[in-house]
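Understanding the architecture of this molecule
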Amino acid sequence: MWYELGVAYIAGLSVVDFMIYNYIGFKTNVSDVDYGIIGGLWSAVFIATSELLGRLADRGSYRGLSEVSLIFLAMAAAAFALSRNNVAVLAAAYMFHAVAVSTANLGFSAGLFEMSPDSEWESKSYGQRLGLFGLRGLGLLIISLALPFISAFGLVEAVVIAGGLVGLAFVIALPREWPLFERRLHGILTSLTYVSAYRRAVEYFAYGKYGLLSEVPTSLRRGHATLSLPLSALFTTFVGDYYVTALPLVLRDINIGLREYAIAFGVAGLSAAAGLAILGSMGENKAVTSVGIIARGAWAILAIRFISSIAGIVMYISVLVLLFSLLDVSLYKMYIKASGGYGVHQYMVLREMGSLIGSIAGGVALSEGPVVFIATPAVATAAAALSLLA
């Protein structure tokens, strides 16, 4: 039950993310550059939190991390309620949300790897993404139906509270954490299933400063994970958040509002969930995944000029989200196999670096004109494909 509630909680946090960030974009007079900076700051807070608390995930502190997530979500709700549409206060609420998302992801990942055999990691990680896109899409469609009857401000607050209630149920359902000795022994035995890891373990136990029970090196648990996968994820995410930042600023100038945008992302989420259910991913072939990265970049750059109606924005976003969902699963599956399931926070940090840079770049490039706006994601797409093939 904890797994299903965790998937629902992370999906709920994703809906909260959409609502707060796009409320700022559509319902305030925030500038292009400031909007990009707010998105970038969210990613910076996410990264800092992941770095500061990532070791807790590696130590199996999934309950504590999940409780921290709930506390910061409550702080986000309070800040939003008191904001009175002040952009600075709304931005502060969004930063509290960043901490909530980071710790929820860390807690869920730690719980998944602690309480599931390694043979289930891939399927459960895939299921989590499937649930994320499906529940997010359904949630946004419900919100779009409610917007004509409830103010956007009140609806955001209601969504944050609902997400907190799901998170509370998730924390209550979590099993107890492993005692420290049991967890370290489990990590050692898991690592020793690899011959190369065995040799390194013997060397470590023979020469380690504190002997057998000293901390197992991170390198032992990661196996042969490389930097190419996180770098490719960084640039792939860059392109996505680049357009996520720019689109509300573009759409508000052509009379497409928050409700229509929620409909588009709702349909896109359900389409992505259906695509994941049917296709699963783009496979674990680096060449095939690279082609997918290029196709998604080309669509993002070329098709945006044809957006002029609700149908156009639905089609544009649906294709973008579907392709990204397939690419994201492929890259993550390859990384999990390479790393043995440990050090996930480092993958998350590098991936989120793409979000940080892409968010800032989206606002800045939009203000610099069409040539810069088109060239920037083209370079990032090429970098994503080349990093994967390196």
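To start, this report covers the structure provided alongside it. Throughout this description, residue numbers start from 1 for each chain and increase along the sequence as written. Given that this is a predicted model, residues contribute local features only at a pLDDT of at least 70 and side-chain atom pairs are listed and counted only at 80 or more, while totals for whole chains, interfaces and linings are drawn from all residues. Side-chain measures were taken over the full set of non-hydrogen atoms in the model, leaving aside hydrogen atoms and water.

Here we take up the overall build of the protein chain. Within the protein chain, the secondary structure is distributed over 15 helices and zero strands. Only protein chains enter the accessibility calculation, which uses a 1.4 Å probe; a residue is then buried when its area is under 20% of its type maximum, exposed when over 50%, and partly exposed in between. In the protein chain, which comprises 390 residues, the share counted as buried stands at 55%. When contacts within the protein chain are restricted to residue pairs at least 6 apart in sequence, long-range pairs at least 24 apart make up 86% of them. Accessible area for the protein chain stands at about 16200 Å²; split by element, carbon and sulfur atoms hold 69% of it. The way it works is that DSSP assigns letters per residue, a run of H or I at least four long becomes a helix, a run of E at least two long becomes a strand, and they are numbered from the N terminus. The criterion used for residue contact is that any of the two residues' heavy atoms lie within 4.5 Å. The accessible surface values rely on the Shrake-Rupley method and a 1.4 Å probe; as for residues, cover is taken only from the protein chains in view.

A word on the nonpolar core. With 107 residues, the main nonpolar core has Tyr243, Tyr316 and Ile317 as its most contacted residues. It is helix H1 (residues 2-27) that contributes the most residues to this core, 17 residues altogether. With residues near it in sequence (within four places) discarded, Tyr243 still touches Ala300, Ile301, Ile304, Tyr316, Phe373 and Pro377. The set of buried Ala, Val, Leu, Ile, Met, Phe, Trp, Tyr and Cys residues whose side-chain atoms join them within 4.5 Å is what this entry labels a nonpolar core.

A separate point is empty space enclosed by the protein. Where empty space is left becomes clear once a probe the size of a water molecule has been rolled over the atoms. As defined here, a cavity is a set of points on a 1 Å grid over the protein atoms alone where a 1.4 Å probe fits but cannot get out. A pocket is an open set with protein on both sides within 12 Å along at least five of seven lines, and residues line them when an atom is within 4 Å of a point. Grid points are joined across faces, edges and corners, and a volume is the space filled by probe spheres set on the points. Considering all chains together, one arrives at three cavities of 30 Å³ or more under this definition. The calculated volume of the largest cavity comes to roughly 1200 Å³. Lining the largest cavity we find 47 residues, and of these Ser14, Asp17, Leu132, Phe324 and Arg351 sit closest to its centre. Going through the elements one at a time, H1, helix H2 (32-58), helix H4 (87-115), helix H5 (118-146), helix H10 (228-251), helix H11 (258-279), helix H13 (310-339) and helix H14 (344-368) are the ones with two or more residues in the lining of the largest cavity. For the lining of the largest cavity, a count of residues per class yields 25 nonpolar, 14 polar and eight charged. Any residue outside Ala, Val, Leu, Ile, Met, Phe, Trp, Tyr, Cys, Pro, Asp, Glu, Lys and Arg is labelled polar, Gly included; the first ten of those are nonpolar and the last four are charged.

The next thing to look at is unusual backbone geometry. Despite not being glycine, Arg84 shows a phi value in the positive range, around 55°. Backbone geometry places Asn85, a non-glycine residue, at a positive phi of 65°. Positionally, Asn85 belongs in the loop between helix H3 (62-81) and H4.

Only Phe, Tyr and Trp rings take part, Trp by its six-membered ring, and two of them pair if their centres are within 6.5 Å. Stacked means planes under 30 degrees apart, edge-to-face means over 60, and tilted covers everything else. Evaluation of the coordinates by the stated rule reveals 21 aromatic pairs. Arranged with centres 5.4 Å apart and planes meeting at 70°, the rings of Tyr23 and Phe80 form a pair that is edge-to-face. One end of the pair, Tyr23, is in helix H1; the other, Phe80, is in helix H3, and 57 residues separate them in sequence. For the residue pair Tyr23 and Phe80, the accessibility class agrees, reading buried in each case. Taken together, the aromatic side chains of Tyr21, Tyr35, Trp42, Phe46 and Tyr94 make up a single cluster linked through ring pairs.

Let's shift gears to the environment of Gly297. Following the sequence through the fold, Gly297 ends up in helix H12 (residues 286-303). For the pair Gly297 and Pro377, spaced 80 residues apart in the sequence, the C-alpha separation amounts to 7.1 Å.

Working convention: axes come from line fits to C-alpha atoms, limited for helices to the stretch in contact. Angles between N-to-C directions cover 0 to 180 degrees. In the contact formed by H1 and H3, the axes pass within 13 Å of each other and the chain directions differ by 25°. Viewed along their axes, H1 and H3 adopt a mutual orientation that is roughly parallel. Of the two elements, H1 crosses H3, and the hand of that crossing is left-handed. Judged by residue contacts, Tyr9, Leu13 and Tyr23 of H1 engage Ser69, Leu70, Leu73 and Phe80 from H3. When grouped by side-chain class, the residues that make up the contact of H1 with H3 number six nonpolar, one polar and no charged. Oblique is the label for every angle not falling under 35 degrees (roughly parallel), over 145 degrees (roughly antiparallel), or within 65 to 115 degrees (roughly perpendicular). Left-handed describes a crossing in which the near helix is turned anticlockwise from the far one by less than a right angle; the clockwise case is right-handed.

Turning next to the side chain of Ser318. Checked against the element boundaries, Ser318 lands in helix H13. Discounting chain neighbours no more than four positions away, the residues touching Ser318 are Ala264, Val267, Ala268 and Ser271.

With that settled, the discussion passes to the pattern of salt bridges. By definition, a salt bridge exists where a carboxyl oxygen of Asp or Glu is found within 4 Å of a side-chain nitrogen of Lys or Arg. As enumerated under the stated definition, the model contains one salt bridge in all. Between Arg351 and Asp328 there is a salt bridge, with its nearest N and O atoms 3.1 Å apart. Separated by 23 residues along the polypeptide, Arg351 in helix H14 and Asp328 in helix H13 bring together distant segments of the chain. For Asp328, a relative accessible area of 6% translates into the label buried.

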